[in-house]
Amino acid sequence: ESRGYQGNDKSENRGHHGNDQSEPCMTQEERIAEDHVTSLLTDHVTSVLDGKQMEEAAKAVTDISMICRALRVLFVMQVSVVFQCLKRKAIKYTNNEQLRPARVFVKKQYGIFSKHYSNTIKPHIKTHAKFLWGAGIVLTSWTVFFILYCQFFAESDFLERSFVGVTKASPIYGPFYKRHVSSKEKVALKEASMKEHRFNSFLSNQLPVNRDIPDTRSEGCSSLMYPHNLPEASIIVVFHNEALTVLLRTVHSILNRTPPRLLREIILVDDYSEHEELATLDAEIAKLPKTRHVRMEKRSGLIKARLFGAARASGEVMIFLDSHCECNAGWIEPLLWEVKKDRRTVPSPIIDVIQYEEFEYRQAVPQVGAFDWSFNFYWQVKEQEGNQTTPLIAPVMAGGLFAIDKDYFEEIGTYDTEMNIWGGENMEMSFRVWMCGGRLLSLPCSRVGHIFRDRAPYSFGDQSLTMTLYRNYARAVEVWLDDHKALFYRFVPLAKDVDVGDISSRVALRKKLNCKSFDWYLDNLLPSLPTEKRLLASGQIRNAKINQCVDTLGMRKANDTVSHYRCLPTREPGYTNQVWMYSKRYELVSLENCLDASVEDPDDLSFKRVALYPCHGYGGNQKWHYSATQQLIHEPSQLCLSVGDPRKPKLFLDKCSGAAHQMFTFTNIYIRDDFDF
C-alpha cells in the first residue's frame, strides 16, 4: 500500500498494487516500475527462504521453544534481503535504462516522505527526543542480547516433547503378503515358519511392516521435555537369516518414530545370511531413507558383526538393536539425553514383549537385569513409588538393545573380540562399564518391543551352544570376578574344561582403565547376591535317612515344588539343581530363588508343601535356621524340613522330632548357625 498527495488536495488516497484502480498520483510508467521492483524483492525473498525455513517459521508460533530459531530465520531474511538485494539487484541495474521509471518513482516518494517528515514527525521527535533515544537503546540492547543468547547459549534450552511418530499411516505390506489363504494352508505355513525362525513369520508376512503399536511408556513420560540439540545416532542392527518382514518392521519402526534430525543412519549388518527370502532386501531398503546394508564375508557372530557395523558408524552415539524389534513412541530421546548428560552412561530401553506366535505387543513392567552364579540372566521387577519416569540403576544389561557414546565405546575396549558368536558379552560389558567408571541405566520412558523366542534358530558353528556360552562366560569370569571365580565354577563345573584362549589383552585393559574390584561391584550393585563371604554354608543338602539331596529338578518358576533326588557327582548333568547357598540372612538360595513355605496353621497336620519363590530379602517365609542337630527349621512356623518315602520325591514341613528323615548335611559349612533349638 502506498500513500501520496494530489495537488493541494489534503485528502488521503490509497491504491492497492495489482488493482485496476490505480493511485491518482502515479503515472502508468511509475506503476509498472513499482510492480517490477516488488517482483524483484518477492523473488529474492523466496530464494532466500527455502521451504524448510518457511515451515520452521510457521511452526514457531505453536511452540515457544522455537522462538529463537524463528527470530534467527527472520533476522537472516532481513539481512539477506537488504544486503544481497542491494548488492546483486539494485547495483546490477543502476545504469539500466529499463529501471529509469523506478528511480523516478523512488525519488518522488522520497520527496513526499521528506515533506511529511519535516511538517509532522520532526517536531514530535524533538519534543520526545530523550524518551525515544532511551527506548531505542533499551529495545536495541535487548534485541541484540536475545539474538546472541539464541545463537551462542540457548540452543540446549530448546525443550520439546519426545517424538510420538507416524500414526494411522497407510499400511505397507512386505513382499510375501498373501491376501487369500485357506485355513489348512495357514496351519502348514505357520508350522514351517515356526520351525525356520522360532516365531510365526507367516503371520508377520500378513501384518503391515509399519503397523501401529500401543504407547506403553510409564505414566508421565509423554509430558517430559528434552533439549533440541541431542546428539545424532547411528543405529546398528545385526541379523543372520532373519525373516524379511520382521527385519523391515524393525527398520520402519525406527524411521517412523525417530525425529529425522536425531537419526544419522541405520546400518543393517548381514552376518552372512543364506536364506533366499533376503534376496530382495536391497530393493526394499532402497525405498527407505538413511538406511544401508553391509554384509560380512563369512559367518562371524553377533559380537564381531556389531564391531563391523560400529567401524562404519558416523553418529556421535551408537544404538545397537536386535533385528526383531519394534521401537515405540518417544523411544530415542531418553536414551540420547542420558548419554548427553554423561557420556559414560550406557542406557537401555525397557524391553516390551512381542509374543512370538501371535505378534501381540505387550507392555513390560519396569525391570532391570540381574544374574545368578551360573550366569543365567534374569529380570528383577522394580517397583517405582512416586515419579514413574525416573531411570533405574541396572546391575546388568540384556545386551541386545542399548545406546553408547561412540568415543566412549572405543575408550572402554568395545567388545572382547575373542568371544564367539553370541552369549556372555552382555555380562562382560556390564562388569567393565560399572567397574571402570561408567554406569548402566534402564529407562521407563524408552520402550522397544522384542520378540522373545524359546531358543535360537541358528547354528553356533563347530561348537554347541552350551560350550560356546561356557567359553564366553569363562573369559569374562577369568578377567573380572577376582576371588569369586570358584562360585561360578561350582555352578558351571563343565566350564573348567574349556580353553578360554589368551586373555592377557583384557587383563591389561582392566589395569589400564584402573577398574574397581568385583567386591565393589557386588556391594554396590547386587548386595543380595550370595557370595562365600555372605554364606554360612553351601553345596548339596543331603538327607541322612534316604541318602538323597534336595533338588529343584530344573524348576525355576515361582511356586514350583522342591523335591529330592539321588545325589549327583559334580560334572553330571543336573548337578547344579542340587547346589544351594545358605546365606547369612538365613535364606536357602538356588540361583535367583529361595526355599519358601507358607504355613497358616502350624498345628494343622495336613501336608505342608515346600516350594521355590524369588528371593525378596525380607526373611519371613524364606527364613530358615540350621541347628546343631542338623535340622533345617522354618522360623515362622517352627516346623522342620522333612522327607518321606524316597519313591515319592516331595519335601514338606513337619513337627520337629530329631528323627533321621529331618537331618541334613551341607557339603561346605563356613560358619555355624548360632540358632539354639
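Worth saying up front: this structure is predicted, and the values here are computed from it rather than measured.

Conventions and cut-offs
Residues numbered from 1 in each chain as written. Predicted model: local features only at pLDDT ≥ 70, side-chain atom pairs only at ≥ 80, totals over all residues. Heavy atoms only, no water. Disulfide = S-S within 2.5 Å. Helix = DSSP H or I, 4+ residues; strand = E, 2+ residues; numbered from the N terminus. Buried < 20%, exposed > 50% of the residue type's maximum accessible area, 1.4 Å probe, protein only. Pairing = 2+ DSSP bridges. Axes fitted to C-alpha atoms, helices over the stretch in contact; angles between N-to-C directions. Right-handed = clockwise from strand over helix to strand, strands pointing away. Salt bridge = Lys/Arg side-chain N within 4 Å of Asp/Glu carboxyl O. 1 Å grid on protein atoms, 1.4 Å probe; cavity = no way out; pocket = protein on both sides within 12 Å on 5 of 7 lines; lining within 4 Å. Points joined across faces, edges and corners; volume = space filled by probe spheres on them. Nonpolar A, V, L, I, M, F, W, Y, C, P; charged D, E, K, R; others polar. Patch = residues over 30% accessible without salt bridge, like charges linked within 9 Å, V, L, I, M, F, W, Y side chains within 5 Å. Areas by Shrake-Rupley, 256 points an atom, 1.4 Å probe, with all protein chains shown as cover. Contact = heavy atoms within 4.5 Å. Phe/Tyr/Trp six-rings, centres within 6.5 Å; stacked < 30°, edge-to-face > 60°. Lys NZ or Arg CZ within 6 Å of the ring centre and 35° of its normal. Core = buried A, V, L, I, M, F, W, Y, C linked by side-chain atoms within 4.5 Å. Parallel < 35°, antiparallel > 145°, perpendicular 65-115°, else oblique.

Colleague: Summarise the state of the cysteines; cite the residues concerned and give the values.
Modeller: A full pass over the atoms with the stated rule returns five disulfides. Paired through a disulfide, C221 and C445 show a sulfur-sulfur distance of 2.0 Å. Across the S-S bond linking C221 and C445, the dihedral sits near -80 degrees, which makes this disulfide left-handed. Of this pair, C221 sits in the loop between α7 (201-206) and β4 (225-227) while C445 sits in strand β16 (residues 439-451), and the two are 224 residues apart along the sequence. Across the pair, C445 and C221 agree in class, each one buried. Each disulfide pairs two cysteine sulfurs, and for C640 the partner residue is C656, the sulfurs being separated by 1.9 Å. Handedness here is read from the sign of the S-S torsion; for C640 and C656, about 105 degrees, the answer is right-handed.

Colleague: So what's going on with the sheet that holds strand β27 (residues 651-654)? Residues and values would help.
Modeller: Strands sit in the order β24-β25-β26-β27 across an open sheet of four strands; the sheet is antiparallel. At either end of the open sheet lies a strand with only one pairing partner, and these are β24 (624-626) and β27. The mean angle between the axes of side-by-side strands here comes to 40 degrees, regardless of whether they run parallel or antiparallel. Sheet topology places strand β25 (residues 632-634) next to strand β26 (residues 639-643); two bridges connect them, and they run antiparallel. Counterpart to I633 in the pairing with β26 is C640.

Colleague: For the pairing of strand β5 (residues 233-239), give the residues involved together with the corresponding values.
Modeller: Burial runs high along β5: seven of the seven residues are buried. Neither face of β5 is left uncovered, since the one carrying A233, I235, V237 and F239 and the one carrying S234, I236 and V238 both have all their residues buried. Once the chain exits β5 it traverses helix α8 (residues 244-256) before rejoining the sheet at strand β6 (residues 263-270), and the crossover so formed is right-handed. Note that β5 and strand β8 (residues 317-321) share five bridges and pair parallel. Residue I236 lies in a different strand from β8, and its bridge partner there is F320.

Colleague: So, the pattern of salt bridges: which residues are in play, and what are the values?
Modeller: With the rule as written, the count across this model stands at 26 salt bridges. The partner of R292 in a salt bridge is E265, with the nearest N and O atoms 3.2 Å apart. With a gap of 27 residues between them, R292 in strand β7 (residues 291-295) and E265 in strand β6 connect regions that are remote in the sequence. Residue classification places E265 among the buried residues on the basis of a relative accessible area of 8%.

Colleague: Give a description of the layout of surface pockets that names residues and reports values.
Modeller: For the largest pocket, the calculated volume is near 1,400 Å³. Lining the largest pocket we find 49 residues, and of these D322, W422, H450, F452 and R453 sit closest to its centre. Only α6 (183-197), β5, β10 (345-354), β13 (377-381), α13 (425-435), β16 and α14 (465-480) provide two or more residues apiece to the lining of the largest pocket. Its residues placed into classes, the lining of the largest pocket shows 24 nonpolar, 16 polar and nine charged. Estimates place the volume of the second largest pocket at around 830 Å³. If you go around the second largest pocket, you meet 31 residues; those closest to its centre are Y378, Q380, S528, C615 and H616. Elements with a minimum of two residues in the lining of the second largest pocket: β12 (367-371), β13 and β23 (611-614). A total of four residues in the lining of the second largest pocket trace back to one element, the largest contributor, which is β13.

Colleague: Account for a nonpolar patch on the surface, naming residues and giving values.
Modeller: Among the surface-exposed residues, V138, W142 and F145 lie close enough to one another that they form a single nonpolar patch of about 360 Å² accessible area. Turning to its location among the elements, F145 is positioned in helix α5 (residues 129-153).

Colleague: Kindly report on the sheet that holds strand β15 (residues 402-405), identifying the contributing residues and their values.
Modeller: Backbone hydrogen bonds hold the strands of a sheet together, and the pairing may be parallel or antiparallel. Ordered in space as β7-β6-β5-β8-β15, the five strands form an open sheet in which the pairing is mixed. Only two strands of the sheet have a single neighbouring strand rather than two, namely β7 and β15. The mean angle between the axes of side-by-side strands here comes to 25 degrees, regardless of whether they run parallel or antiparallel. In this fold helix α11 (residues 332-341) packs onto β5, β8 and β15, with an angle of close to 135 degrees to the strand it touches most, β8.

Colleague: Now, about unusual backbone geometry: what can you tell me, with residues and values included?
Modeller: In this structure, L553 takes a positive phi of about 55 degrees despite not being glycine. Within the secondary structure, L553 sits in the loop between β18 (548-551) and β19 (563-566). Overall, the relative accessible area of 43% leaves L553 in the partly exposed class. At Q630, a position not held by glycine, the phi torsion is positive, near 65 degrees. A residue is classified by how much of its surface remains accessible, and Q630, at 27% relative accessible area, is partly exposed.

Colleague: Go over the packing of aromatic side chains, please, and point to the residues and values.
Modeller: Across all of its chains, the model carries 19 aromatic pairs by this definition. Both rings, one in F518 and one in Y521, keep their centres 5.3 Å apart while their planes meet at 20 degrees; by these two values the pair is stacked. Here F518 and its partner Y521 are both found in helix α17 (residues 518-525), three residues apart, which amounts to about one turn of the helix. Overall, F518 belongs to the buried group, its relative accessible area being 0%. Ring pairs connect the aromatic residues F371, W373, F375, F431, Y473, F488, Y489, F518 and Y521, which therefore count as one cluster. A cation sits over an aromatic face here: R312 above F308, 3.6 Å from the ring centre.

Colleague: Describe the nonpolar core, listing the residues and the values that go with them.
Modeller: Within the largest apolar cluster, 73 residues are counted, with the highest numbers of intra-cluster contacts made by F371, F375, F431 and Y521. Top contributing element to this core by residue count: α14, with eight residues. Not counting residues within four places of it along the chain, the set of residues in contact with F371 comprises N376, Y378, V396, M427, F431, F518, Y521, L526 and L529. Residues C221, I235, L401 and A403 belong to the second largest nonpolar core, which totals 39 residues.

Colleague: Please provide a residue-by-residue account of the pairing of β12, values included.
Modeller: Where burial is concerned, most of β12 is hidden: five out of the five residues are buried. Covered by surrounding structure in β12 are Q367, G369 and F371 together with V368 and A370, the residues of both alternating faces. Inspection of the sheet shows β12 paired to β13 by five bridges, in the antiparallel sense. When the sheet's bridge partners are listed, G369 is paired in β13 with W379. Hairpin connection from β12 to β13: five residues lie between these consecutive antiparallel strands, with F375 at a positive phi of about 65 degrees.

Colleague: Can you tell me about helix α10 (residues 302-310), naming the residues and giving the values?
Modeller: With respect to burial, α10 is a largely interior element, seven of its nine residues being buried. Along α10, the residues classified as buried are L302, I303, A305, R306, L307, G309 and A310. Close packing links the buried residues of α10 with β5, β6, β8, β15, α12 (406-411) and α13.

Colleague: For the packing of α13 against α17, give the residues involved together with the corresponding values.
Modeller: Put simply, α13 and α17 touch, their axes get as near as 10 Å, and they point 90 degrees apart. Judged by the inter-axis angle, α13 sits roughly perpendicular to α17. Between α13 and α17, the residues in contact are F431, W434 and M435 and F518, W520, Y521 and L525, respectively. Here the contact of α13 with α17 is composed, by residue class, of seven nonpolar, no polar and no charged.

This is a description of form; function is not addressed.
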